[in-house]
Amino acid sequence: MSAEAVDRVAVSGSRPSTPPQTSWFEFLLDEMLLENHLQKSHPDPVPVQLVIQFLEQAAKPSVNEQNQVQPPADNRRNRTLKLLALKVAAHLKWDLDVLEKGLTIPVLNMLLNELLCVSKVPPGVKHVDLDLSTLPPTTAMAVIIYNRWAIRTIVLSSFPEKQTKPGPHQMNMLNIVQQEKELTENILSVLKEQAADSIMVLEGSLGLKKDFYIHTLRTLDLLAADPSTANGETESSTAGLRISADELHCQVHYDLGGIFFQQGCSDQLAYEKAREHFQQARELLLKFNLTLHVHLDEMRLAGYWNACRALTGALDPSDTQLNPYGQINSLIRTRNYQALVEAFIKDNVSLSLPNHLRQSVLREFLHKVQQGERGLDEVCHKLCVCNAVRDALQGEVLSVRFQQLLHKPRKHVVDFMLEVCTRSLDKDRSSETSKRKMVIFLKTLCESLAEPHLVFVVTAHKLFTELLKEEDRKVLVEQMRRRSATVNLCAKPLPSFYDIPAAASVNIGQLEQQLILCLDARRIRQILIELHSMAERPFWRVNNKWEVPPDYINVILNIKDNLTKDLVYILMAKGLHCITVKDFAHTRQLFSACLELVTEFSPKLRQVMLNEMLLLEVRAHENGVAEGSNVRPPPDLVSRVRGYLEMRIHDLPLRQIVGEECVAFMLNWRENEYLTLQVPQQLVMNNPYIKLGQLLASTCKELPGPKESRRTAKELWEVVVQICSVSNQHKRNSDGRVSLIKQRESSMGILQRSRFITFIKKLREPLVLTTLISLFVRFHSIVRDDIVNEVTAEYLAIWPSTLANMQAVDVEAVAVTVKELVTYALTLNPNNQSWLITQADIYFVTNQYSAALHFYLQAGAVCSDFFTKAVAPDVYTDQVLKRMIKCCSMLNCHTQVAVLCQFLREVDYMTAFKALQEQNSHDAMDSFYDYIWDVTILEYLTHIHHKRGESEKRQIAVSRNYFH
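Residues numbered from 1 in each chain as written. Predicted model: local features only at pLDDT ≥ 70, side-chain atom pairs only at ≥ 80, totals over all residues. Heavy atoms only, no water.

The protein has the name Integrator complex subunit 8 in an unreviewed UniProt entry, where Hucho hucho is given as its organism. The UniProt entry for the protein carries the following text under Sequence similarities (unreviewed entry): "Belongs to the Integrator subunit 8 family." (UniProt positions renumbered as here; feature names shortened; annotations may be inferred.)

Our focus in this paragraph is the overall build of the protein. Within the protein one finds 47 helices and six strands. Carbon and sulfur atoms make up 52% of the accessible area of the protein, which amounts to about 49,700 Å² in all. (Helix = DSSP H or I, 4+ residues; strand = E, 2+ residues; numbered from the N terminus. Areas by Shrake-Rupley, 256 points an atom, 1.4 Å probe, with all protein chains shown as cover.)

Two elements in contact, helix H29 (residues 562–580) and helix H31 (residues 603–626), have axes separated by 11 Å at closest approach and are oriented at 15°. Between H29 and H31, the angle falls in the class roughly parallel. H31 is crossed by H29, and the crossing has left-handed handedness. When H29 is examined against H31, the residues Met572, Leu576 and Ile579 are found in contact with a partner set consisting of Val608, Met609, Glu612, Leu616 and Arg619. Class assignment for the residues of the contact of H29 with H31 results in six nonpolar, no polar and two charged. (Axes fitted to C-alpha atoms, helices over the stretch in contact; angles between N-to-C directions. Parallel < 35°, antiparallel > 145°, perpendicular 65-115°, else oblique. Left-handed = near helix turned anticlockwise from the far one by under 90°. Contact = heavy atoms within 4.5 Å. Nonpolar A, V, L, I, M, F, W, Y, C, P; charged D, E, K, R; others polar.)

Leave glycine aside and you will find that most residues have negative phi; peptide bonds, for their part, are mostly trans. Its identity as a non-glycine residue notwithstanding, lysine 120 has a phi of 65°, on the positive side. Mapping lysine 120 onto the fold places it in the loop between helix H7 (105–118) and helix H8 (137–157). A positive phi angle, near 55°, is found at phenylalanine 866, a position not held by glycine. One can find phenylalanine 866 in the loop between helix H42 (849–862) and helix H43 (878–890).

Moving on, we come to the packing of aromatic side chains. Applying the stated criterion across every chain yields a total of 19 aromatic pairs. On the basis of an interplanar angle of 70° and a centroid distance of 6.5 Å, the ring pair of tyrosine 254 and tyrosine 304 is categorised as edge-to-face. Remark: tyrosine 304 occurs in helix H15 (residues 298–311) and tyrosine 254 occurs in helix H13 (residues 245–263); sequence separation between them is 50 residues. Its relative accessible area of 12% is what places tyrosine 304 among the buried residues. Their ring planes at 75° and their centres at 5.8 Å tell us that phenylalanine 844 and tyrosine 849 sit as a pair that is edge-to-face. Tyrosine 849 carries the same exposure label as phenylalanine 844, and that label is buried. Connected via pairs of aromatic rings, a cluster forms that spans Tyr254, Phe261, Tyr271, Phe278 and Tyr304. A cation over a ring is seen here: lysine 368 above phenylalanine 365, with NZ or CZ 5.1 Å from the ring centre. (Phe/Tyr/Trp six-rings, centres within 6.5 Å; stacked < 30°, edge-to-face > 60°. Buried < 20%, exposed > 50% of the residue type's maximum accessible area, 1.4 Å probe, protein only. Lys NZ or Arg CZ within 6 Å of the ring centre and 35° of its normal.)

A few words on the side chain of asparagine 387. Locating asparagine 387 in the fold gives a position in helix H19 (residues 377–393). The contacts of asparagine 387, once residues within four sequence positions are left out, are Phe344, Arg358, Gln359 and Leu362.

With that settled, consider the pattern of salt bridges. Summed over the entire model, instances satisfying the criterion amount to 30 salt bridges. The salt bridge involving glutamate 512 is made with arginine 537; its shortest N-O contact spans 2.7 Å. Pair noted here: glutamate 512 is in helix H26 (residues 504–517) and arginine 537 is in the loop between helix H27 (521–534) and helix H28 (550–557), with a separation of 25 residues, a long-range link. Judged by its relative accessible area of 15%, glutamate 512 falls in the buried class. (Salt bridge = Lys/Arg side-chain N within 4 Å of Asp/Glu carboxyl O.)

Another point: helix H4 (residues 47–58). The end-to-end C-alpha distance of H4 is 17 Å, a good match for the 16 Å that 12 residues give at a rise of 1.5 Å each. Counting buried residues in H4 gives 11 out of 12 residues, a clear majority hidden from the surface. (Expected span 1.5 Å × (residues − 1).)

With that settled, consider the nonpolar core. Formed by 149 residues in total, the largest nonpolar core has its most connected members in Leu645 and Phe779. Other than its neighbours up to four places away in sequence, phenylalanine 779 contacts Trp717, Val720, Val721, Cys724, Leu803, Val809 and Val814. Judged by nonpolar contacts, the second largest core, of 82 residues, contains Leu103, Ile144, Val252 and Ala281. (Core = buried A, V, L, I, M, F, W, Y, C linked by side-chain atoms within 4.5 Å.)

A separate point is helix H30 (residues 584–599). Taking 1.5 Å of rise per residue, the 16 residues of H30 would be expected to cover 22 Å, and the 22 Å separating its terminal C-alpha atoms lies within 8% of that figure. When we look at burial in H30, the residues that qualify are Phe584, Thr587, Leu590, Phe591, Cys594, Leu595, Leu597 and Val598. The arc that holds every buried residue of H30, seen down its axis, measures 160°, which confines them to one face. Along its buried surface, H30 packs onto H27, H29 and H31. (Arc of directions from axis to C-beta.)

With respect to the element layout, asparagine 832 can be found in the loop between helix H40 (811–828) and helix H41 (833–845). Judged by relative accessible area, asparagine 832 falls into the buried class, the value being 16%. In terms of polar contacts, asparagine 832 uses its side chain to reach the backbone amide nitrogen of tryptophan 835, at 3.1 Å. (Polar contact = N/O pair within 3.5 Å; in protein donor to acceptor, adjacent residues only side chain to side chain.)

This paragraph deals with the packing of helix H21 (residues 411–424) against helix H22 (residues 432–448). It is at 12 Å that the axes of H21 and H22 come closest, and there the two elements cross at 175°. By the angle class used here, H21 and H22 are roughly antiparallel. Listed contacts from H22 to Met417, Leu418 and Cys421 of H21 are Met438, Phe441, Leu442 and Leu445. Here the residues of the contact of H21 with H22 sort into seven nonpolar, no polar and no charged.

Below is the structure:
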């Protein structure tokens, strides 16, 4: 061995040996490795890191022979990796607290979607449409876990986060960070759109009284071995991790309370719902001796509970179970100020209230005094004294307000100070440190009092004589005597407690608060002038909720004058906020003031404001239509919309949403001719919404002739197919390794699917919606590839019948989109028979027979005046009738099957006879005999009942046969 090798061995031998980190691929090679790894006390990598590694590898893109990036292959390797990720989560017992802390939103979204997939949750069906009571236990639990995570994520995303500023060495990571942030925002926007559905799912789960089961490592192994038997196995009482109904309900109540509490800011009634859910969670929690499967923060639950009680006025001051927070809040609400002061004095000994709460209470009372509320001066003095004594005992600096109070106090205030000092210090139990701090406070008190007789009151007090030694008392009294001899009795008296001018920082804070609340443009300008006279800093940052579109931010921040910059930014931000809450009157005032301001110095900003004011008027008019107004838009507004769409772009920042709203506006008011022919091509190329609007307008304009409209329909088809396609979003880590967070929507589409859905939901013109429904129905039929169970719609012939690249299509996204689209259309017009039949077909092909039959019947009702007239044969075609027959059969309504068989062009005797042979029927049976008129079916009925010895039912059938 060489000398260098010997040295290396010696050095390495001197270091403690660290076992190498287990690589992700090793778990693929050894089936038992994962379970053994997770049982370690300190596994490396930790479980959540394993989940990230497994899912990143499973979602890596593949490359075909043409060197094109393809979606991840559905092979054994990737399925095993996803299963391993699920096993890790199962080892963590699906504890969302742990998973949320260790995984980003995109990764956790991918993990839980995989859980839904392996749990056999029907794809393309909204969770709110599922009946949890009929689902297998593991399937129902997967749906509940996903929807719990959805509302928890919405709540967590509402909490403020500190933005980390990247250093110079991290600048190359900005694009990756931005991509991940964008992906997170997209997921959050979808979760927020579906929040109401998630709440309904979880509320529905509270009605289930049976125990639940969730996947464990064992059940996931069963799934891997044989999915068909594993699903049945997980339904049994022995498989999976058992979660009692009470444990699940406790967790669900807690999560629902959180989302309702978050919604309480805009809806006061939500606090009532939150309080009820938190109360249920607390009651259930008390029932458990050992909460194995309930993962909630009991301190946070207690805080939520008391906050809800305070916000809903449900606090009782005499309630012994109230925590200190609740007691203080209750005393303030009931105006029991004497008890409030007593509570503060007692807290000087117990120290149960945090200092910031005490200071907050004092500030609240001072604010009330400044607002003109009378009778609170004394309370403010007493609270200020209590806080000062608390600060003194904790060695804190005495507040400015207390120092101001000492300038010229009255004797009763000094007496109260001494009383608080005495009651705050237990002379027998207090430490020497506390006593020394109290001595310092009393000396400060003597030195701060200008009136000799008040100083005498302090020095003659029992507490003073007990705590200070005789020599110290003599020295202090002599100092006070000499100081009083030099006092200038002719000096101008000091201002009172409230007359002393506040510090500049206090004035700035008050002005900033006014700036946040104010909606008057002139007053906003006046406040900003005052603020800029006190401090030079960017006041547009005062409120982090003020948001200006990124398209405009650079133009505004390039304004040289700081006051003007702040004013423009704040006026625009406040105006945009008012639009979101539909306060159009204030928006007009704010935008008009901003337009007047920017017209003086910036033509570019002037055009920006004109565009925003156009968007305002479009939204205001559409909002009126949504509320029931049928008034056509004034010609001036239509002209302004056309002017925007024809505008030539010269280095002007444009928001795509303005074009989006304008296009939706023109489609809704049937301006198809204009959109087709007169919009500048440059704007079509730059704004995807205008491109989409032009294709929709062209297709609608050429309907109903299929031959003429095929060309434009094909262009629209290709655009939509790209929107619903998928690709992979990957990034390169610092170590050079390529990783993938999630399979994403294709970047080839002109816009993301979520934004496409948002645009669709701004449309209300029936022909446009019918065209889109027709397109997605054809698209859905192709990707499902089920000729027998196809969905029907109008104008299907104009669309292509094949897809070039079926693998690139997100099948589930297509299924969800078509259902969302039809559901939205029916909210606008619930009596459109074509849409009703399409909705019924969608439910039929997804085996939701009860819902399908409901919509088939509704379609017949709307076109026959509730069946007082014959249903048109083009509505109840043979295909529709056969589907209604199958729905009744699957619902065990066999007599109804026989009734419906009569409506076919050729009566289906075989199906009718087979249905009538069934004895376990869930309908009214012989009550439907009045609706059977076919003699052959009636004779068969008579024969069946005679054969069974059912004489009464036979007699009913005979009587019907007689009448016919």
